[in-house]
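Structure assessment
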Amino acid sequence: MIPYTVNIKLAARTLTGTLSLQNKTAVDWGWQGLIAQGCHSSILIIDPKTAQTIQVLEKHKANVVKVKWSRENYYHNISSPYCLRLASGDASGKIIVWDVVSGTAHCEIQEHSKPIQDLEWLWNQDASRDLLLAVHPPNYIVLWNGDTGTKLWKKSYAENILSFSFDPFDPSNMALLTSEGIVFITDFTHSKPPGSAGKKVYIASPHASPAHTKPAPTAALAPTGAKKALNKVKVLITNEKPTAEAVTLNDCLQLSYLPSKRNHMLLLYPREILILDLELSQTVGVVAIERSGVPFTQVIPCAQRDALYCLHENGCITLRVCRSTAAPEEAADPEQAAQELVYDLRSQCDAIRVTKTVRPYRMVICPVNENNAALMVSDGRVMLWELKSHPSNSGLSPLYSPVSFCGAPLGPNQKKIQDLSLNSMIGQTLTAGEAPPPNTSPQEVQLKFLLTGLLSGLPLPPFAIRMCPPLTTKNINHYQPLLASGTSNGSVLVYNLTSGLLHKELSVHSCEVRGIEWVSLTSFLSFATSSPNNMGLVRNELQYVDLPTGRCFAFRGERGNDEPPIEMIKVSHLKQYLVVVFRDKPLELWDIRTGTLLREMAKNFPTVTALEWSPSHNLKSLKKKQMAAREAMARQTVSDAEQSSVESSVISLLQDAESKSETSQAISAREHFVFTDTDGQVYHITVEGNTVKDGARIPPDGSMGSIACIAWKGDTLVLGDVDGNLNFWDLKARLSRGTPTHRGWVKKIRFAPGKGNQKLLVMYTDGAEVWDTKEVQMVSSIRFGRNVNYKILDIDWCTSDKVVLASDDGCIRVLEMAMKSASYRMDEQDLTVTETSRFWKDIILIQAYCTVTYDHSHLDVDLADIDMKSVLQDPELSLLQRCLLVSRLFGDESDLHFWTIASHYLQSFAQARQLSLSTADGQTQSEGTHPPPQSPLDICHDTLCESSSFQKFQLDRVRLQEVKRSSYEHTKKCADQLLLLGQTDRAVQLLLETCADNPSYYCDSLKACLVTTITSSGPSQSTIKLVATNMIANGKLAEGVQLLCLIDKAADACRYLQTYGEWNRAAWLAKVLLSPAEGSDVLKRWAEHLCSPQVNQKSKAILVLLSLGCFYKVGEMLHSMRYFDRAALFIEACLKSGVMEANDSSNILSSFLEYARLLRSLGLREGAALWASRAGSAGEQLMEELFQGEGGAPERIFNFLFL
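Attention in this report is confined to the structure presented alongside it. Only a predicted model underlies this, so the values are computations on that prediction, with no experimental measurement involved.

A short note on the sheet that holds strand E47 (residues 670-676)
With respect to topology, four strands assemble into an open sheet ordered E46-E47-E48-E49, the strand pairing being antiparallel. Two strands close off the open sheet at either side, each with one partner strand: strand E46 (610-613) and strand E49 (691-698). The average angle at which neighbouring strand axes cross in this sheet is 20°, direction not considered. Two elements, E46 and E47, share four bridges in a ladder whose sense is antiparallel. Bridge pairing links Ala-610 to Thr-676 in E47.

Next up, the structure:
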């Protein structure tokens, strides 16, 4: 039996084309590494690593307007695996939550019938990961349970809601972008709807920016660039509704919190990006486009660095990185002493050619690494850009690459780590505005975009599709399931349906392709007709295309100019002959093998309405006769003595020669076809070589109208007419049976391939049906307006049980015979399977310790693009580096946050411990033996950062606020912040600036006196503390906290803030004012609060404890939460860093033992033995179970333990 070497089981899939305008915002890049994109009513799942569509989800009846991946911000184990869960909303108000792996809808949600405006999964709860917030027009926000479809609560607002944005630092804060302004909500919670209507603010137009106003010439030196824009931009956030003359908020395209720093927000206008400080309600930064520049359409802020990805109207993606330049300290002008936010253009990609039908729609970036971007174009293209760094010197303030990774210098095999993510490409010195650290040699780099992938869509419909000849036992070794699609622009696209990828794109014709017929597995004929002239004549193009070489030539030679249009072409079953049917001209009969015209029918030849070749022929009998003749000739050339020995070899040679070509050039088999005329009469024509003979004629059937199409297979002939009737002829039994379908004009009918397969595919003007011709009954049906919202343009069979349909929504669908959906199970298609992720993740982690190596060739995480396989196999890679890399490679948000904080503080506390030990021993380190400098934690981690870097950031921020203040309220807020930061002298200056006619003049003057004359004597401190306590008790919390901070009672102030529920404010105050010991107490109370059942944010509490160096407590919490693998690896990292003592603690041993059991359950015996050997007596019992029945188990165990 011949072995099957090709995958003949093709997956249902959809080849997509142009997008609808409503699909413009329907795109999202998930933490799982996949892109979801809406295309009409379908949803494409794209793998950006291979630029391949791996899943299509179809259940929506209306255009998809929003898609959103669920977050991966939770601990993953066998019971909580990696999942591919997606929410999508359409123009009819329906929301569907998908299980993408199986291609099924998990639940369906319907509240209203208007398009969904926005969607977002809640991520801040440890216990609940299936809460979905949606904006239902015109003014409702609804919280849904995405697992059950249950509505939890609903809230309405006064204005129409356009979109919303959550504060990434405090999930209780969110902002609604409405038709008139912004609504700030500060009491968002999943348990109940917001109690108040929120704080409504209005936005004045930024029309005074340099993009709109030409500055007047002045004699003095005028400010330039971004500073000019900042000076001219009006106060943006006001509590009063703007006047009618002001430009409305409709100009505002987007609103988004900055994930790189707290309390900052951006507003996107066509020609400006405005950065707002929400505490000051004032613009602190602007990115303005010159008059000749291309306007913005979208901006995505980054978290790892203060950077912005900007999409322009010409499809160009630009990256702008914030530069903080500090003026000299001796500058007299306070404006010069303050920092100025400037976003430098650091890289840009090439623009696309924008036309009326081709324009950029949306951009998404990878949330894990933030160095990959994807651009969605209206014509269906997806352009995948990757940001790369290369050594260079630039004229701007320099960008430096980090000098270390997880506190350790990069080894020779670890250079590829720098290309892994944005924060590994760009160091922090740019944002901090400082010079590179001493004793380091950072590499100055430049950034550039590289196009790493392109997913092309189908052009605009209509399409003419044709599947290549079917799979047989003779072509199984080289068969490829190719689908040819002729397009309206004259090109022919050939797709490989095994992968769904474009195999070849051939520019064949100069006008719309009308039909395609394959003449072999690697060649086809296609015809196109131009627009008719005044006489109704056209230019016909009939091209023969050889697929391997791409060579094509005019099959009819010079014929084709100024003649009636070709209606159809039909190739005989043996691929010997071709019939070309014209509209008002007799048909032509061609020999395909020689390219010669056999017969051009007479002018009185009947007008052909339908034609089909018969599957019967006399090739087999001809072959037998030819082989017998050759055998006889061979026998005459040998003697009788040699005959017996040669006979078998001669026969075998002849058989081999015959099997190499199905139709020998020397043989012209007899074939025949039937056609009908306008009266419905059936004609029979026989063709053999150069001979063409007329056959029998069958009179028309009175029950049938004008015949539109014919299909013939075996002994069954089927005719379809313009009235929707099907007539089934049983040629063997000489019976016919007419069946009305009541579907109107039968456009096309095709039999399914495969011996004995009598299924028939029928195309109508409003859909398609599959019929069983044996039983003469319909099997399945699809109808426009009833179960689909697209019209069928062309049909064909893909395999014996799948059909392929071209539709007017620009898609080509491969469907099961039931024609229900193009979705399928991804885990059955040799694609990424999420269930194996846990297995591979642990393999990579335990390779840090095991001498046993595992083959990464089947790893379902694509590492080839950055050569991470060699990095992961590097023996110098530390455990912390490995854990951080693996969490990033797997898109594990929870793991990534944990190991980022853990690796930083483990290195920091280990260096401090080493320094203290050296000092205690009286040793002094030489300059060359200092450990590499530890870069501060990124400010996006907010209160988890070190106090020194956090204080510096807050001081820089308040200086910027000070120079940008434009009202008394701004000045008062700046003075309050300066007092809390201990900057009393500058605060007094601001307090004394209050005008005498201001109602607060007297209070501010007294406060300035108080701050200046305050003493540390006992009576004054007691009095001030008493006053502060009374003020707090009477609702003046902020004022009382200020007084306590003035007398160095910040610890008491933090306790009061925590008592009144201001936990984030207390943590902020502890970071900027308190000593490490006092601040640690405040943050520990905060961690206890986060662990409470009402808050249920233990994951965040663990991060807080990590920043305090409470490593034992972190290990205990991880174990109690049953995070056994994370607990074991963290404890091992602590032991290696020297911040934890190796002992027989039950917590440590239990964590090692449970991790060993986890590895054993995954089949990783060597890794299980490794960790069991660390687990004491309980681990010894597990070791015996692992190697039960094997002799010399102890020796075998120690062969693969620690390196």
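So, the sheet that holds strand E12 (residues 140-145)
The strand order across the open sheet built from four strands is E10-E11-E12-E13, with neighbouring strands paired in antiparallel fashion. With partners counted over all chains shown, the strands left at the sheet margins are strand E10 (118-121) and strand E13 (150-156), one partner each. Along the sheet, successive strands turn relative to each other by an average axial angle of 20°, direction set aside. Looking at chain direction, E12 and E13 are connected through six bridges and run antiparallel. Note on E13: the bridge partner recorded for Asn-145 is Thr-150.

Some thoughts on the pattern of salt bridges
Pairing is possible between side chains of opposite charge, provided their charged atoms come close. Across all of its chains, the model carries 51 salt bridges by this definition. Two residues, Arg-1174 and Glu-1132, come together in a salt bridge whose shortest N-O distance is 2.8 Å. Highlighted residues: Arg-1174 in the loop between helix H24 (1165-1172) and helix H25 (1176-1186) and Glu-1132 in helix H22 (residues 1124-1137), separated in sequence by 42 residues. Of the residues examined, Arg-1174 reaches a relative accessible area of 23% and is grouped as partly exposed. Through salt bridges with shared partners, a single network forms among Arg-556, Arg-559, Glu-563, Lys-585, Glu-588 and Glu-600.

Notes on the packing of aromatic side chains
Counted under the stated rule, the structure contains 23 aromatic pairs. A ring pair is formed by Phe-728 and Trp-771, whose centres lie 5.9 Å apart and whose planes are at 40°; its orientation type is tilted. With Phe-728 in strand E52 (residues 725-730) and Trp-771 in strand E56 (residues 767-772), this residue pair connects regions lying 43 residues apart in the sequence. Accessibility classification places Phe-728 together with Trp-771 in one group, the buried group.

Thoughts on H22
Here H22 spans 20 Å end to end across 14 residues, near enough to the 20 Å set by a 1.5 Å rise per residue. For H22, the tally of buried residues reaches 12 of 14 residues, placing the bulk of the element in the interior. Among all positions in H22, only Phe-1124, Asp-1125, Arg-1126, Ala-1127, Ala-1128, Leu-1129, Phe-1130, Ile-1131, Glu-1132, Ala-1133, Cys-1134 and Leu-1135 are buried. Of the residues trailing H22, Gly-1138 is marked for its positive phi of about 80°.

Cut-offs and rules
- Residues numbered from 1 in each chain as written.
- Predicted model: local features only at pLDDT ≥ 70, side-chain atom pairs only at ≥ 80, totals over all residues.
- Heavy atoms only, no water.
- Pairing = 2+ DSSP bridges.
- Helix = DSSP H or I, 4+ residues; strand = E, 2+ residues; numbered from the N terminus.
- Axes fitted to C-alpha atoms, helices over the stretch in contact; angles between N-to-C directions.
- Salt bridge = Lys/Arg side-chain N within 4 Å of Asp/Glu carboxyl O.
- Buried < 20%, exposed > 50% of the residue type's maximum accessible area, 1.4 Å probe, protein only.
- Phe/Tyr/Trp six-rings, centres within 6.5 Å; stacked < 30°, edge-to-face > 60°.
- Expected span 1.5 Å × (residues − 1).

Remember, this is a structural readout, not a statement about activity or role.
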